[in-house]
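Geometric and topological summary
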Amino acid sequence: MSSESRRNVTKLQCLSILGVSYSVVVTGLIFLTGVVYILPTIYSDSAGDLWSSIAIAIYLFAGIITNFIMVYCIQSYVPTQTPGSLPGPGWSHCDVCDQVVPPRSHHCVLCRRCILGRDHHCFFTGSCVGQLNHRYFVLFCMYCGIGSAYGLYVTTVFLSKSYVNPISAEFYHFIIPLTFLEWVFGFQTLGFLYFAFVWCVSLCTMFGAMGVTAWQIFVLSRGQTSFEYTNGRTSNSVDVLRNLRTIFGPYWCLQFLFPFPLNSPLNSLNLSKVV
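Model, not experiment: these values are computed from the prediction.

1. Considerations on the overall build of the protein
- Along the backbone of the protein there are eight helices and six strands.
- The buried share of the protein, reckoned over its 275 residues, is 44%.
- Sequence-distant contacts in the protein: of pairs separated by 6 or more residues, those separated by 24 or more amount to 58%.

What follows is the structure, encoded as structure tokens:
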């Protein structure tokens, strides 16, 4: 690897560290802000609504955190194979790893390993998304999108009651660079700056996470990964349900309802059947 390539890899590794830090810190901060301050303020006169709202927040937060941990901890590395003749059709030789790899496997310069069914390297989870953790990545994005939408809603209600409605002619107060300047020159409080930041992060995360979720469902339903789609690889099957079960398991519908990971049939993967 050339010195320029090493520098590029180092930059990407730093970006991955920043992405993981952002995911953990911002998610935790917004959750605590909502549960400790925003929700009690909104529902100060209704204990029943308060506790039900907190329960929803905990449910969504659990979905985000548990699937984040699963994406990070379950790696889709290709087990070390002895270099030699290719075992079958679709197998190839990775010059970097100096080993034979099964079909649909690709090398990641950041992980420095070949990845089974590689989709992409996610900077927000700090790991490669592949055959064994793909399901958890999709669920992580889905819960992030729903959680951000819920956070956006309660923050909008809170701001409307305590400061100004973001969905009004005064929306410009929520353009963060402008809000920051207003705070610097004394036109806004630090508290308003913080809640405006929470509102903007929730808005951006909602659109981003829901967009990624929709994209992932689209390519997975075609029996592809993002890498295969963008590189023109044809879909593996026209059976949408079969393609979804390949990633989410036989009870794939339940994966979208429960925030905690269910047992995966892919943990003991037979490489000869990776097609």
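2. Regarding the environment of Ile-217
- Position of Ile-217 among the secondary structure elements: in helix H5 (residues 190-221).
- Sequence-wise, Ile-217 and Leu-244 are 27 residues apart; in three dimensions their C-alpha atoms are separated by 8.3 Å.

3. A look at the packing of aromatic side chains
- Counting across every chain of the model gives 17 aromatic pairs.
- Look at Tyr-37 and Phe-195: their rings are 5.7 Å apart centre to centre, the planes differ by 20°, and that puts the pair in the stacked class. Of this pair, Tyr-37 sits in helix H1 (residues 3-42) while Phe-195 sits in helix H5, and the two are 158 residues apart along the sequence.
- Given a relative accessible area of 45%, Tyr-37 falls into the partly exposed group.
- Using a relative accessible area of 7% as the deciding quantity, one classes Phe-195 as buried.
- Measuring from ring centre to ring centre gives 6.3 Å for Tyr-163 and Phe-195, while their planes differ by 40°; the resulting arrangement is tilted. Taken together, the positions of Tyr-163 in the loop between helix H3 (134-162) and helix H4 (176-184) and Phe-195 in helix H5 put the pair 32 residues apart, joining distant regions of the chain.
- Classification of Tyr-163 by relative accessible area gives partly exposed; the value is 37%.

4. Focus: a nonpolar patch on the surface
- A contiguous nonpolar surface patch, about 770 Å² in accessible area, is contributed by Phe-180, Leu-181, Trp-183, Val-184, Phe-185, Phe-187 and Leu-190.
- Ranked by residues supplied to the nonpolar patch, first place goes to H4 with four residues.

5. With respect to the nonpolar core
- Of all hydrophobic cores here, the largest spans 46 residues; its most connected members are Leu-39, Phe-174 and Phe-248.
- Sorting the residues of this core by element identifies H1, helix H2 (47-73), H3, H5 and helix H7 (240-248) as the ones contributing at least two each.
- In terms of residue count, the dominant contributor to this core is H3 (14 residues).
- Counting six residues, the second largest nonpolar core, distinct from the first, contains Cys-108, Cys-111, Ile-115 and Cys-128.

6. Regarding the pattern of salt bridges
- Evaluation of the coordinates by the stated rule reveals one salt bridge.
- Taking the shortest distance from any N to any O, the salt bridge between Glu-228 and Arg-104 comes out at 2.6 Å. Remark: Arg-104 occurs in the loop between strand E2 (99-101) and strand E3 (106-108) and Glu-228 occurs in helix H6 (residues 226-230); sequence separation between them is 124 residues.
- Note on Arg-104: relative accessible area 15%, which makes it buried.

Thresholds, definitions, all that
- All residue numbers here refer to positions counted from 1 along the written sequence of the relevant chain.
- Residues qualify for local features only when their pLDDT is at least 70, as the model is predicted, and side-chain atom pairs are given and counted only at 80 or more; totals for whole chains, interfaces and linings, by contrast, use all residues.
- By convention in this description, side-chain values take in all heavy atoms of the structure and omit both hydrogens and water.
- Labels follow the DSSP assignment, with helices taken as runs of H or I lasting at least four residues and strands as runs of E lasting at least two, numbered in each case from the N terminus.
- Only protein chains enter the calculation, and the probe is 1.4 Å; a residue is then buried if its accessible area is under 20% of its type maximum, exposed if over 50%, and partly exposed in between.
- Throughout, a contact is declared for two residues whenever any of their heavy atoms are within 4.5 Å.
- Classification of ring pairs uses Phe, Tyr and Trp, with its six-membered ring standing for Trp, and accepts pairs whose centres are within 6.5 Å; under 30 degrees between planes counts as stacked, over 60 as edge-to-face, and the remaining range as tilted.
- Each patch groups residues whose relative accessible area exceeds 30% and which form no salt bridge, using 9 Å between like charges and 5 Å between nonpolar side chains of Val, Leu, Ile, Met, Phe, Trp and Tyr.
- For the accessible areas, the method is Shrake-Rupley and the probe is 1.4 Å, while residue cover comes only from the protein chains on display.
- Whenever a carboxyl oxygen of Asp or Glu lies within 4 Å of a side-chain nitrogen of Lys or Arg, that contact is scored as a salt bridge.
- To form a nonpolar core, buried Ala, Val, Leu, Ile, Met, Phe, Trp, Tyr and Cys residues must be joined to one another through side-chain atoms within 4.5 Å.

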